[in-house]
Amino acid sequence: MGLDDIKRRIAAAEAASGRAAGAVTLIAVSKVQPQGRVEAVLDAGHRTFGENYVQEAAAKWPAWRDRFPGVELHMIGPLQTNKLKPALELFDAIHTLDRPSLAQKLARQVQQRGTCPQLFVQVNIGAEPQKAGILPGDADAFVADCQALDLTIRGLMCIPPEDADPVPHFRALRGIAARNGLAGLSMGMSADFETAIAEGATHIRVGSAIFGARDYG
Ligand SMILES: *Cc1c(COP(=O)(O)O)cnc(C)c1O
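Residues numbered from 1 in each chain as written. Predicted model: local features only at pLDDT ≥ 70, side-chain atom pairs only at ≥ 80, totals over all residues. Heavy atoms only, no water.

Definition in use: UniProt positions are given in the numbering used here, feature names are shortened, and annotations may be inferred rather than shown by experiment.
In the nomenclature of an unreviewed UniProt entry, the protein chain corresponds to Pyridoxal phosphate homeostasis protein from the organism Paracoccus aminovorans. Entered under Cofactor (unreviewed entry) in the UniProt record, the comment concerning the protein chain runs "pyridoxal 5'-phosphate".

Listed below in structure tokens is the structure:
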């Protein structure tokens, strides 16, 4: 299990970039991982996890929540509006608020329920045609629209283009967050979380470096 190693590397990256110890929240991404690997990380005391699929999370986490008090679950995958209700039952945070129709439905649900999950707007920081997210040029207006719907936006999330230097993308996300007064930056995965921490990440999403490779077979 790579949890201890990752925690050490996070602490070192925080110190190296002058960030306070504990400034960065580690989201252990447990999608598709075998039960035993996830339970080992729960047994080690970690409580903050990320999942990509509502159905998969619904099948696994209610029982783990009973056994391991204090679990905080983050939705980091694309969210279909017809899965919004079960998603709100399950997740404490949503990192993939990526379109106006989702914001509108979310606002209605939040009003009915009287509680709002931690919300991150997903920005398509590389403006890639195949990727979800708000285009960088539309981000300010989208954040304002969400706020006008009474949604509290905690921060921004991005997945930089593959095979590219992530630094300019992390910096761009940080710039959009700063000019919108948003404190949260969900950026950095197994391959680049130390770079993301140096660029100001507050939440990193690390899967395979903790649990091992995912087997989609
Ligand atoms: C799967 C996933 C991760 C974790 O990826 P690793 O490379 O295994 O760390 C992080 N963020 C998102 C959005 C993901 O879908």
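Remarks on the layout of surface pockets
Selection rule: Note on definitions: the grid is 1 Å and covers protein atoms alone; a cavity is a set of points where a 1.4 Å probe fits but cannot get out; a pocket is an open set with protein on both sides within 12 Å along at least five of seven lines; lining residues have an atom within 4 Å of a point. Grid points are joined across faces, edges and corners, and a volume is the space filled by probe spheres set on the points. Following the grouping adopted for this structure description, the nonpolar residues are Ala, Val, Leu, Ile, Met, Phe, Trp, Tyr, Cys and Pro, the charged ones are Asp, Glu, Lys and Arg, and the polar ones are all others, Gly among them.
Computed from the structure, the largest pocket encloses a volume of approximately 700 Å³. Considering the residues around the largest pocket, the lining is formed by 29 residues, among which Ile159, Pro160, Glu162, Met189 and Arg205 are closest to the centre. Counted by class, the lining of the largest pocket contains 13 nonpolar, eight polar and eight charged residues.

With respect to helix α1 (residues 3–16)
Operational definition: Numbering of helices and strands runs from the N terminus, with a helix taken as a DSSP run of H or I at least four residues long and a strand as a DSSP run of E at least two residues long. Between the first and last residue of a helix there are one fewer steps than residues, each counted as 1.5 Å, and that sum is the expected span. For the exposure calls, accessible area comes from a 1.4 Å probe over protein chains only, and a residue counts as buried if that area is under 20% of its type's maximum, exposed if over 50%, partly exposed in between. Arc, as used here, means the arc of the directions from the helix axis to the C-beta atoms. Pairs of residues are marked as contacts when any of their non-hydrogen atoms sit within 4.5 Å.
Between its first and last C-alpha, α1 extends 20 Å over 14 residues, near the 20 Å set by a 1.5 Å rise per residue. Taken together, the buried positions of α1 are occupied by Leu3, Ile6, Ile10, Ala13 and Glu14. Along α1, the residues classed as buried sweep out an arc of 100° about the axis, all on the same side. Those residues of α1 that are exposed and aimed more than 90 degrees away from the buried face are Arg8, Ala15 and Ala16. Of the surrounding elements, those touching the buried residues of α1 are β1 (25–29), α2 (35–43), α8 (193–198), β8 (203–206) and α9 (208–211). Positive phi shows up at glycine 18, right after α1, with a value of about 70°.

Notes on the packing of aromatic side chains
Condition: Each Phe, Tyr or Trp ring (for Trp, its six-membered ring) is paired with any other whose centre lies within 6.5 Å, and the angle between the two planes then decides the class: stacked below 30 degrees, edge-to-face above 60, tilted in between.
Scanning all chains against the criterion turns up two aromatic pairs. Residues tryptophan 61 and tryptophan 64 carry aromatic rings whose centres are separated by 4.8 Å and whose planes lie at 70° to one another, so their mutual orientation is edge-to-face. Taken as a pair, tryptophan 61 and tryptophan 64 lie in helix α3 (residues 54–67) at a separation of three residues, close to a single helical turn. Connected via pairs of aromatic rings, a cluster forms that spans Phe49, Trp61 and Trp64.

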